[in-house]
Amino acid sequence: MARDLVGNSTNRLNAGDVSFLDNSTALSVGLYFKPDASVNGRIFHKWGSATANERSFIVEQTDLNEIQFAVGGGAVAPNGLNIKKTGAANLSTGVWHAVMCTYRASTLLNIYVDNSSFALTVVSNDTVTSILASTSKCEIGYESDEGSSSVDGKVAELALWTAELSRDEIGAYSRGFRPPRIRAQSLVAYIPLYGVASPE
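About the criteria used
Residues numbered from 1 in each chain as written. Predicted model: local features only at pLDDT ≥ 70, side-chain atom pairs only at ≥ 80, totals over all residues. Heavy atoms only, no water. Helix = DSSP H or I, 4+ residues; strand = E, 2+ residues; numbered from the N terminus. Buried < 20%, exposed > 50% of the residue type's maximum accessible area, 1.4 Å probe, protein only. Contact = heavy atoms within 4.5 Å. Areas by Shrake-Rupley, 256 points an atom, 1.4 Å probe, with all protein chains shown as cover. Salt bridge = Lys/Arg side-chain N within 4 Å of Asp/Glu carboxyl O. pLDDT = per-residue confidence, 0-100. Core = buried A, V, L, I, M, F, W, Y, C linked by side-chain atoms within 4.5 Å.

Caption draft 1: Representation of the overall build of the protein chain. Secondary structure summary: the protein chain contains one helix and 14 strands in total. Expressed as a percentage of its 200 residues, the buried residues of the protein chain come to 50%. Across the protein chain, every contact between residues at least 6 apart in sequence was considered, and the portion connecting residues at least 24 apart equals 71%. Accessible surface for the protein chain amounts to roughly 8,100 Å². Of this, 47% is attributable to carbon and sulfur atoms.

As structure tokens, this is what we get:
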């Protein structure tokens, strides 16, 4: 089962403030995504107003069917934004994809789609030494503070870890292992999104 996000700003989920991410030096964001259209849209994020220094992370789809991942340590230097995207059309409309985005202060960002890694395209390359301590809410499907585009598609099995998962762990997630069975001691949020959209 999954949550069907139909591409409008009222069809979104608010998962609240995940404070366990504050000041973390590592992060992994996992989700399953089945796009229904090629649009710019926030799939999953903790990203408030830029002027209030509330930007922690974003996983989003571009209109070129790429995955873009960003982490924030604030709005201005020495904190800032590190943003990268896959640089290729990795998402197919109407097909489920396992997406994993990882951050570690020393290695910065990586993106995996269906257990494949990519030479990423740099959008912003500021040094982010830790995830911003923010009271922003985690949202699924839309970014209400900045009014960005909505996602059109289905989402399931969202998870956050305060660790950079290994390639073996990412492979396990892509093969369908549930997040509580993967580095459970670092799992800080698991949102399975049961029973809303079926058939899938």
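Still more to cover.
Caption draft 2: Helix H1 (residues 167-174), seen in detail. Along H1, the residues classified as buried are Glu-169, Ile-170, Gly-171, Ala-172 and Tyr-173. In the core, the buried residues of H1 are packed alongside strand E3 (26-35), strand E8 (97-104), strand E9 (108-113) and strand E13 (152-161).

Caption draft 3: Representation of the pattern of salt bridges in the model. In this structure the tally under the stated criterion is five salt bridges. Across the salt bridge formed by Glu-157 and Arg-178, the nearest N and O atoms sit 3.5 Å from each other. Pair noted here: Glu-157 is in strand E13 and Arg-178 is in the loop between H1 and strand E14 (187-191), with a separation of 21 residues, a long-range link. With a relative accessible area of 37%, Arg-178 lands in the partly exposed category. Between Arg-183 and Glu-169 there is a salt bridge, with its nearest N and O atoms 2.8 Å apart. One end of the pair, Arg-183, is in the loop between H1 and E14; the other, Glu-169, is in helix H1, and 14 residues separate them in sequence. On the basis of relative accessibility, which here comes to 24%, the residue Arg-183 falls in the partly exposed class. The class of Glu-169 is buried, set by a relative accessible area of 18%.

Caption draft 4: Main features of the confidence of the model for the protein chain. In this model, the protein chain carries an average pLDDT of 82, and 79% of its residues clear a pLDDT of 70 or more. Mean pLDDT values over the elements of the protein chain span from 65, in strand E1 (residues 3-6), up to 97, in H1.

Caption draft 5: Spatial organisation of the nonpolar core. Counting 42 residues, the largest nonpolar core has Leu-27, Phe-57, Phe-69 and Leu-160 as the members making the most contacts within it. Ranked by the residues each element gives to this core, the list is headed by E13, at six residues. Formed by five residues, the second largest nonpolar core is a distinct cluster that contains Ile-58, Ala-70, Leu-81 and Ile-83.

Caption draft 6: The arrangement of unusual backbone geometry in detail. A positive phi angle, near 65 degrees, is found at Asn-23, a position not held by glycine. Within the secondary structure, Asn-23 is located in the loop between strand E2 (13-16) and E3. Of note, the phi angle at Asn-115 is positive, near 70 degrees, even though the residue is not glycine. Take Asn-115: its relative accessible area is 29%, and that puts it in the partly exposed class.

Caption draft 7: Region of the structure containing the environment of Ser-134. Examined against the element boundaries, Ser-134 turns out to sit in the loop between strand E11 (121-125) and strand E12 (138-140). Taking the C-alpha atoms as reference points, Ser-134 and Leu-21, 113 residues apart in sequence, are found 8.6 Å from one another.

Caption draft 8: The environment of Arg-175, seen in detail. Looking at the element boundaries, Arg-175 is found in the loop between H1 and E14. Taking relative accessible area as the criterion, Arg-175 reaches 62% and is therefore assigned exposed. Sequence separation between Arg-175 and Asp-114 is 61 residues, and the spatial gap between their C-alpha atoms is 8.6 Å.

Caption draft 9: Just the environment of Phe-33, in detail. Turning to its location among the elements, Phe-33 is positioned in strand E3. Residue Phe-33 is classed as buried on the basis of its relative accessible area of 0%. For Phe-33 and Val-95, which are 62 residues apart along the polypeptide, the C-alpha to C-alpha distance reads 8.1 Å. Ignoring sequence-local partners within four residues, the contact set of Phe-33 consists of Ile-43, Gln-61, Leu-91, Val-95, Trp-96, His-97, Val-151, Gly-153, Lys-154 and Val-155.

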